[in-house]
Amino acid sequence: MKRILTLLMTVSLLLCLAACGQPADHAPEQTPQQTESSDPPAQTEPPALEGEALSILPAEDAGLTEGGYDAYREEDPMAEIVLLPTRSVTDFHYFIVGFREDGELLTLTREDDLYTADALSPGRPLLLAIPFVETIPNRGISYVDADGALRQYAIVESGKDGTIFLMEEAFDSAA
């Protein structure tokens, strides 16, 4: 147990250090009443970092208008974030992130999908109401970009200022 706590603290520290720099920037599997749909937004979208197809904002900063977004809400959410597509992506997945101990290493794993969509496109943000975000990720997203590459990100909270951002990650499959 002490070894696992040490590993968790090490990973947390590494993620906090990474967070202190520049952040990289179809139907749900749960009941249908947890999914919302609305009309296109009236707000202007902030730019994503170069090469990124999605940017992320806290919901209160996204300027969403009623009817202007899609949404997925988990039970007992503690944070609301908005994914803003800057260009179309396909095969979108929102999933649980787990971890396993491999000797001295802690490996992040991709667990069960919570929400999937065939595509996300500019002008149609996705609001995610999620459980508490931690420096050790518990949720992630993936999509296929315009070049056909699979992009995977952990949803992480900065240990410095509490900012939620996407950190590119290569997840192992769940064991």
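Structure: above.
The structure reproduced in this document is the subject of the present report. From a predicted model like this one, the values you see are computed outputs, not experimental measurements.

Rules used in this analysis
Residues numbered from 1 in each chain as written. Predicted model: local features only at pLDDT ≥ 70, side-chain atom pairs only at ≥ 80, totals over all residues. Heavy atoms only, no water. Helix = DSSP H or I, 4+ residues; strand = E, 2+ residues; numbered from the N terminus. Buried < 20%, exposed > 50% of the residue type's maximum accessible area, 1.4 Å probe, protein only. Contact = heavy atoms within 4.5 Å.

### Re unusual backbone geometry
One can expect most non-glycine residues to show negative phi and most peptide bonds to be in trans.
At step 1: Even without being a glycine, Asp-76 presents a positive backbone phi close to 50°.
At step 2: Along the chain, Asp-76 falls in the loop between β3 (70–73) and β4 (79–85).
At step 3: Given the relative accessible area of 65%, Asp-76 is considered exposed.
At step 4: If you check the backbone angles, Asp-91 has positive phi at about 50° while not being a glycine.
At step 5: Mapping Asp-91 onto the fold places it in strand β5 (residues 89–102).

### Quick notes on the environment of Glu-80
At step 1: Structurally, the position occupied by Glu-80 is in strand β4.
At step 2: Spatially, the C-alpha atoms of Glu-80 and Leu-127 are 6.8 Å apart, while their sequence positions differ by 47 residues.
At step 3: Sequence-distant contacts of Glu-80, that is, excluding residues within four places in its chain, are made with Pro-58, Ala-59, Arg-73, Leu-127, Leu-128 and Ala-129.

Keep in mind that these numbers describe shape and distance, not what the molecule does.
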